[in-house]
Amino acid sequence: MPEVNAYIEQGNRVLGALGYTEHSRGHAVKVAETAGNLLDKLGYNQHKIELAKIAGYMHDMGNCVNRVDHAHSSVIMAFQILRDLKVPDEDIAVIVSAIGQHDEATGMAVDAVSAALILADKTDVRRNRVRNTIKESFDKHDRVNYAAVASSLHVNVENQVILLEIELDEGICSILDYFEIFLQRMLMCKRAAEMLGMKFKMKANGNKIC
């Protein structure tokens, strides 16, 4: 929808001015697709998968209002848009609940859709999200994202494991630094995986970390 895209792109511009990593439609699409794929691989029905995709795409709209409490701003905006589209109230409730729970400062997984959104969002670590071109002025989030040469999320249904596999350039950011900076996000992913009846594990540079 042009309306949703406009809010996402304005939010991305706002965060760019504040020095944050990329939160454009590219991030929104990746989160939506990853959240949907997670639930698909775990055997959830198509309706639930679509709800996760919608929540994933709309989750960061509130950045156009303010980075602080952006999850709740996103909820209010998504609610109005979905209501205008006459989406069933039961579906709106699931979507806005997931969006409202995605920020690590205030949220946690409460159902399958929110769990999928959290896992998809918090594991989107990649070099091309860094907008700062001056390495010497990288903040901690720039450093971690720029160090992520490659990352992927895998679902092993048989072993009940959701695995984040990441390749880090340790000349930029060590594995220990990654955990120091993103520990809260990884704990959030652990609890989200548990909500889905799975275990969250991580492999960095070929080494099992947790």
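Up top is the structure these notes are about.
Given the structure is predicted, the values throughout are model-derived calculations rather than measurements.

**A few points about the packing of aromatic side chains**
Centre-to-centre distance and the angle between the planes together describe a pair of aromatic rings. The full count for this structure, using the stated rule, is three aromatic pairs. Measuring from ring centre to ring centre gives 6.0 Å for Y178 and F179, while their planes differ by 75°; the resulting arrangement is edge-to-face. Taking the relative accessible area as the measure of exposure, F179 reaches 17% and is therefore buried. Ring centres of Y178 and F182 lie 5.3 Å apart, and the angle between their planes is 80°; this geometry places the pair in the edge-to-face category. Of this pair, Y178 and F182 both sit in helix α8 (residues 175-195), four residues apart, which is roughly one turn of that helix. A relative accessible area of 0% places F182 in the buried class. Following the ring pairs from residue to residue traces out a cluster consisting of Y178, F179 and F182. It is R127 that lies over the ring of Y146; its NZ or CZ is 4.1 Å from the centre.

**Here's the deal with the nonpolar core**
If you look at the biggest cluster of nonpolar residues, it comprises 61 residues, and the most contacted ones within it are I162, Y178 and F200. In terms of residue count, the dominant contributor to this core is α8 (10 residues). Excluding residues within four positions of it along the chain, I162 makes contact with L38, L119, L153, H154, V155, A193, L196, M198, K199, F200 and K201.

**Some details on the pattern of salt bridges**
If you walk through the whole model with that rule in mind, you get 11 salt bridges. In this structure, the salt-bridge partner of R25 is E9, at a minimum N-O distance of 3.1 Å. Here the residue R25 occupies a position in helix α2 (residues 25-41), and E9 occupies one in helix α1 (residues 2-18), the gap between them amounting to 16 residues. Residue R126 is joined to E22 by a salt bridge in which the shortest nitrogen-to-oxygen separation is 3.4 Å. A residue pair is termed long-range when its members are at least 10 positions apart, and R126 in the loop between α6 (112-122) and α7 (140-147) and E22 in the loop between α1 and α2 qualify at 104 residues.

**Details of α6**
Along α6, 11 of the 11 residues are buried, which leaves the element largely enclosed by surrounding structure. Along α6, the residues that are buried comprise A112, V113, S114, A115, A116, L117, I118, L119, A120, D121 and K122. N-cap assignment for α6: the residue whose side-chain oxygen lies 3.3 Å from the backbone N of V113 is D111.

**Section: the environment of D139**
You can see D139 is positioned in the loop between α6 and α7. Residues D139 and G19, spaced 120 residues apart in sequence, show a C-alpha to C-alpha distance of 8.8 Å.

**A look at the sheet that holds strand β4 (residues 207-208)**
Strand order in the open sheet made by the four strands is β1-β2-β3-β4, with mixed pairing throughout. The two strands at the open ends of the sheet, each matched to only one other strand, are β1 (148-156) and β4. Examined bridge by bridge, strand β3 (residues 199-204) and β4 share two bridges and lie antiparallel to one another. The partner of A204 across the bridge, within β4, is N207.

**Here's the deal with the packing of α6 against α8**
For the pair α6 and α8, interaxial distance at closest approach is 9 Å and the crossing angle is 145°. Taken as a pair, α6 and α8 cross one another with a handedness that is left-handed. Contacts between α6 and α8 pair A115, I118, L119 and K122 from the former with R185, M186, M188, C189, A192, A193 and M195 from the latter. Classifying every residue of the contact of α6 with α8 by side-chain character gives nine nonpolar, no polar and two charged.

Thresholds, definitions, all that
- Residues numbered from 1 in each chain as written.
- Predicted model: local features only at pLDDT ≥ 70, side-chain atom pairs only at ≥ 80, totals over all residues.
- Heavy atoms only, no water.
- Phe/Tyr/Trp six-rings, centres within 6.5 Å; stacked < 30°, edge-to-face > 60°.
- Buried < 20%, exposed > 50% of the residue type's maximum accessible area, 1.4 Å probe, protein only.
- Helix = DSSP H or I, 4+ residues; strand = E, 2+ residues; numbered from the N terminus.
- Lys NZ or Arg CZ within 6 Å of the ring centre and 35° of its normal.
- Core = buried A, V, L, I, M, F, W, Y, C linked by side-chain atoms within 4.5 Å.
- Contact = heavy atoms within 4.5 Å.
- Salt bridge = Lys/Arg side-chain N within 4 Å of Asp/Glu carboxyl O.
- Polar contact = N/O pair within 3.5 Å; in protein donor to acceptor, adjacent residues only side chain to side chain.
- Pairing = 2+ DSSP bridges.
- Axes fitted to C-alpha atoms, helices over the stretch in contact; angles between N-to-C directions.
- Left-handed = near helix turned anticlockwise from the far one by under 90°.
- Nonpolar A, V, L, I, M, F, W, Y, C, P; charged D, E, K, R; others polar.

Fair warning: the whole summary comes from geometry, so function is off the table for now.
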